Amino acid sequence: MLTTVRLDANNTDDLSRASELLRQGKLVAVPTETVYGLAANAEDVDAVKEIFAAKNRPSDHPLIVHIADKDRIQHWAENIPELAFQLAEKFWPGPMTLLLKKADNINSVVTGKLDTIALRVPDHPMLLRLLKQSNIGLAAPSANPYRQLSPTSADQVMDNMQGKIDAVLDGGDCQLGLESTIVDVVSNPIRILRSGPITANEIETFLGQPVITPATHTESVPGNVKAHYQPRAKLTLCDKEKLFIALSNDNPKIGYIVYSDDFDKDQSEHIRHLPSDKYAFAKLLYKTLYEFDKVDIDEIWIERPPQTDEWQAINDRLARASAATDA
Ligand code: TXA
Ligand code: MG
């Protein structure tokens, strides 16, 4: 077993250490604005294989490559449509991943043998500094064991990956708490493969052209599985009325997550109030699910969020988190 070192992203020596480890082909969990990523040098085939092993992730599930700035797109991709540069200019650094045609010189281990590649410039100052300093692209899936919750803090990474990776770079709690929006810009019209903090509406408004969003979950991409982002406790989405009734005869084995003001904070020891603003809600969602996983409950009942475009990414994650595990 490895000893996982904890490094401080705000300490210059620690940041250099992380950079060195990555250049040596080691695994380092890194902070991003969305969730923590489990990073390795994207052009080091052995290091990339270690990512799959540490996560217990099937080797055909492609990884996202994180790059320092948009000028490096051409190193990783070819036949890049003009619109990809426009999106990069507008939304990078930020929670948008662009799916492009992979450049020939890039080994397809990182793309799960696909001829497309997912790229993004993350919006986290310390990670950007690390990317520049190390001068490599970082393949980084979320830093959790396969199918489990994405971590939004260094503690959570430590809990789940200790002994399997070389280091965790602690850059504080993630600002967004929800994985990036993945946009396939190879297809025409372009389409969203995974909803995220940047909505289809925002992209359509910016580009002035339609963006296809799968209404339901699609298995067309390996890794885009239905049962995902799962807490240990069984998660159920409930309407407000059902939650009121349940709370009136509180079961100590159930945890409740609500956002409406109508709920009484003291009604149960296991009730957690999230903000009704979607950004603030998203930031705390995984954290709250994760905290419930550490206490002695069997189920989590969560108030169903509004079924609107604004809340699409959150509803998508909750649908997957509550799906049967054989799905
Ligand atoms: O916010 C994020 O995107 C985080 C942070 C760490 O950047 N990363 C993340 O990675 O969520 P991961 O591996 O947990 O999810 C990546 C998703 C997978 O569902 C995978 O199928 C999709 O990206 N993906 C990556 N490359 C792809 C490709 N070439 N074609 C289709 N889908 C791809
Ligand atoms: Mg993931």
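Structure's up top.
Quick caveat, the model's predicted, so the values are computed rather than measured.

Turning to the pairing of strand S10 (residues 181–184), a few remarks are in order. Both faces of S10 are covered, namely the face carrying Thr181 and Val183 and the face carrying Ile182 and Asp184. Relative to S10, strand S6 (residues 96–102) is paired through 4 bridges, and the arrangement is parallel. Paired with Leu99 across the bridge in S10 is Asp184. Here 3 bridges tie S10 to strand S11 (residues 191–194), and the two strands are oriented antiparallel to one another.

Turning to unusual backbone geometry, a few remarks are in order. Cis geometry is adopted by the peptide bond preceding Pro93, which originates at Trp92 and carries an omega value of -10 degrees. Relative to the assigned elements, Pro93 resides in the loop between helix H4 (82–91) and S6. Note the cis peptide between Asn188 and Pro189, where omega equals 0 degrees. Position of Pro189 among the secondary structure elements: in the loop between S10 and S11. Of note in this structure, Asn79 is not a glycine but carries a positive phi near 50 degrees. Phi at Arg147 takes a positive value of approximately 75 degrees, unusual for a residue other than glycine.

Residues Leu87, Leu98, Leu119 and Ile203 are the most contacted members of the largest nonpolar core, which totals 72 residues. Those residues in contact with Leu119 that sit more than four places away from it in its chain are Val65, Ile67, Ile73, Trp76, Ala77, Trp92, Met96, Thr97, Leu98 and Leu100. Among the nonpolar cores identified, the runner-up in size contains 24 residues, and Leu178, Phe281, Leu285 and Ile314 belong to it.

Here the focus is helix H1 (residues 12–23). Look at H1: 17 Å from first C-alpha to last across 12 residues, which is about the 16 Å you get at 1.5 Å a residue. Buried within H1 we find Asp14, Leu15, Ala18, Ser19, Leu21 and Leu22. Here the buried residues of H1 occupy an arc of 160 degrees about the axis, which is enough to place them on one side. In H1, those exposed residues whose orientation departs by more than 90 degrees from the buried face are Thr12, Asp13 and Arg23. On its buried side, H1 packs onto strand S1 (5–8), strand S2 (28–30), strand S3 (37–41), helix H5 (125–134), strand S8 (138–139) and strand S9 (167–170). Residue Asn11 occupies the N-cap position of H1, its side-chain oxygen lying 2.8 Å from the main-chain nitrogen of Asp13.

Right, let's get into the sheet that holds strand S15 (residues 299–303). The 4 strands are arranged S12-S15-S13-S14 in an open sheet whose pairing can be described as parallel. At either margin of the open sheet sits one strand with a lone partner, and together these are strand S12 (234–238) and strand S14 (271–273). Looking at each pair of strands side by side, their axes are set apart by 20 degrees on average, direction ignored. As defined by bridge partners, strand S13 (residues 254–258) adjoins S15 across 4 bridges and the pair is classed as parallel. Each residue of the ladder has a partner; that of Gly255, found in S15, is Ile300. The strands that helix H9 (residues 278–293) touches are S12, S13, S14 and S15; relative to S13, the one it contacts most, it runs at about 175 degrees.

Rules behind the numbers
Residues numbered from 1 in each chain as written. Chains lettered and ligands numbered in written order. Predicted model: local features only at pLDDT ≥ 70, side-chain atom pairs only at ≥ 80, totals over all residues. Heavy atoms only, no water. Buried < 20%, exposed > 50% of the residue type's maximum accessible area, 1.4 Å probe, protein only. Helix = DSSP H or I, 4+ residues; strand = E, 2+ residues; numbered from the N terminus. Pairing = 2+ DSSP bridges. Core = buried A, V, L, I, M, F, W, Y, C linked by side-chain atoms within 4.5 Å. Contact = heavy atoms within 4.5 Å. Expected span 1.5 Å × (residues − 1). Arc of directions from axis to C-beta. Polar contact = N/O pair within 3.5 Å; in protein donor to acceptor, adjacent residues only side chain to side chain. Axes fitted to C-alpha atoms, helices over the stretch in contact; angles between N-to-C directions.

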